[in-house]
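Take a look at the letters that make up each chain.
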Amino acid sequence: MTFSYIKDTPALRDISFEVPSGQFAALVGHSGAGKTTTAYLIPRLYDVGSGRITVDGHDIRDLTLDSLGAAIGMVNQEPFLFHDTIRMNLRYGLPEATDAEVERAARAANIHEFIASLPFGYDTIVGERGYRLSGGEKQRVAIARALLKDPAILILDEATSSVDSQTERAIQDALERLTRGRTVVAIAHRLSTILAADVILVFDHGRIVERGRHAELLALGGVYASLYRQQFAEESPGVAAGG
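Cut-offs applied
Residues numbered from 1 in each chain as written. Predicted model: local features only at pLDDT ≥ 70, side-chain atom pairs only at ≥ 80, totals over all residues. Heavy atoms only, no water. Salt bridge = Lys/Arg side-chain N within 4 Å of Asp/Glu carboxyl O. Helix = DSSP H or I, 4+ residues; strand = E, 2+ residues; numbered from the N terminus. Buried < 20%, exposed > 50% of the residue type's maximum accessible area, 1.4 Å probe, protein only. Axes fitted to C-alpha atoms, helices over the stretch in contact; angles between N-to-C directions. Parallel < 35°, antiparallel > 145°, perpendicular 65-115°, else oblique. Left-handed = near helix turned anticlockwise from the far one by under 90°. Contact = heavy atoms within 4.5 Å. Nonpolar A, V, L, I, M, F, W, Y, C, P; charged D, E, K, R; others polar. Pairing = 2+ DSSP bridges. Expected span 1.5 Å × (residues − 1). Core = buried A, V, L, I, M, F, W, Y, C linked by side-chain atoms within 4.5 Å.

## Looking at the pattern of salt bridges
Taken as a whole and judged by the stated rule, the model has 12 salt bridges. Between Lys138 and Glu78 there is a salt bridge, with its nearest N and O atoms 2.7 Å apart. Separated by 60 residues along the polypeptide, Lys138 in helix H6 (residues 135–149) and Glu78 in the loop between strand E6 (72–75) and helix H3 (86–90) bring together distant segments of the chain. Note on Lys138: relative accessible area 10%, which makes it buried. Note that Arg177 and Asp173 form a salt bridge whose closest N and O atoms lie 3.0 Å from each other. In this pair, Arg177 and Asp173 are both assigned in helix H7 (residues 165–179), four residues apart and thus about one turn of the helix distant. Salt bridges here are not isolated pairs; linked through shared partners, they connect Arg87, Arg91, Asp99 and Asp123.

Next up, the structure:
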């Protein structure tokens, strides 16, 4: 698979991987290595220039956008919220959801108590792009929205660098519930994410240069081992020694 933003200047080259149903793939690499571009190709935010992407053996270009959208959920590093109520933002992926289902998803995402504390509760207007909510609140609303939609495939960009430790724990707990039992492609920012992955795909300059599990890639002493020392080791050195 190859993809270019500008003709004859490929952003991705010779990308090939498979994520079996129910497994978790973590994409790692330096900024600009191709992780986000790869993840965004799956729901057809872009289209490949050559090769193909398949879901259950079907080329995604042969599927309707509605059917593809129903199968895929996304939680971005900067979630997009509409200038509408929290309730309607949660129902965006599943308009027919009942109030009870909305509340259940919000509880699972650790955001219900915050919503209930607002003067207008679920009928609170969040403002354009959700500006009335903090970054952590917006991310938990996005997680609740994905839980409500219940997609088979989840695209996840789970950075939490701008939130306090208590909010980060609440987000990570909600993400654990969200990813359980799904096919996940995650742009990894945390050691816990890569340790949980069934396969880690290491990107460098638009290519996948290494793949495997955490301990295997550390043992190689290559790109991943260097990246780990730079970005992940200080997060939990004890876990690294035990990997």
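## Regarding the packing of helix H4 (residues 99–108) against H6
Where H4 contacts H6, the two axes come as close as 8 Å, and the packing angle between them is 130°. One finds that H4 runs oblique with respect to H6. Crossing of H4 against H6: the hand is right-handed. Residues Glu101, Val102, Ala105, Ala106 and Ala108 of H4 form the contact with H6, whose participating residues are Ala144, Leu147 and Leu148. A per-class count over the contact of H4 with H6 returns seven nonpolar, no polar and one charged.

## Focus on the pairing of strand E9 (residues 199–204)
Judged by how many residues are buried, E9 sits mostly within the fold: five of six residues are covered. Bridge analysis of strand E3 (residues 24–28) against E9 gives four bridges, and the strand direction is parallel. From the neighbouring strand, Ala25 faces E9, where its bridge partner is Val199. In this sheet, strand E10 (residues 207–212) lies alongside E9 in antiparallel orientation, the contact comprising five bridges. Bridging across to E10, Val202 finds its partner in Glu210.

## Some thoughts on H6
Between the first and last C-alpha of H6 there are 21 Å, a value that for 15 residues agrees with the 21 Å anticipated at 1.5 Å per step. Buried residues dominate H6, accounting for 13 of its 15 residues. The first or second residue beyond H6 is Asp150, which carries a positive phi of 55°.

## Details of the environment of Gly29
Here Gly29 lies in the loop between E3 and helix H1 (35–41). We classify Gly29 as buried; its relative accessible area is 10%. A C-alpha to C-alpha distance of 9.8 Å links Gly29 and Gly206, two positions 177 residues apart in sequence. Not counting residues within four places of it along the chain, the set of residues in contact with Gly29 comprises Lys35, Phe203, Leu227 and Gln231.

## A look at the nonpolar core
In terms of nonpolar packing, the biggest core is built from 44 residues, with Val28, Val75, Ile143, Leu178, Ile194, Ile200 and Tyr224 touching the most fellow members. The leading source of residues in this core is H6, at seven residues. Excluding its chain neighbours within four sequence positions, the residues that come into contact with Val28 are Lys35, Ala188, Ile194, Ile200, Leu201, Val202, Phe203, Tyr224 and Leu227. Judged by nonpolar contacts, the second largest core, of 25 residues, contains Ala39, Leu41, Val55 and Ile153.

## Digging into the pairing of strand E8 (residues 183–187)
Summarising burial for E8: five of the five residues are buried, a large majority. Both faces of E8 are covered, namely the face carrying Thr183, Val185 and Ile187 and the face carrying Val184 and Ala186. Pairing analysis gives four bridges linking E3 to E8, with the strands arranged parallel. Note that in E8 the partner of Phe24 across the bridge is Val184. Direction of pairing for strand E7 (residues 153–157) relative to E8: parallel, over a ladder of five bridges. Opposite Leu154, over in E8, you have Val184 as the bridge partner.

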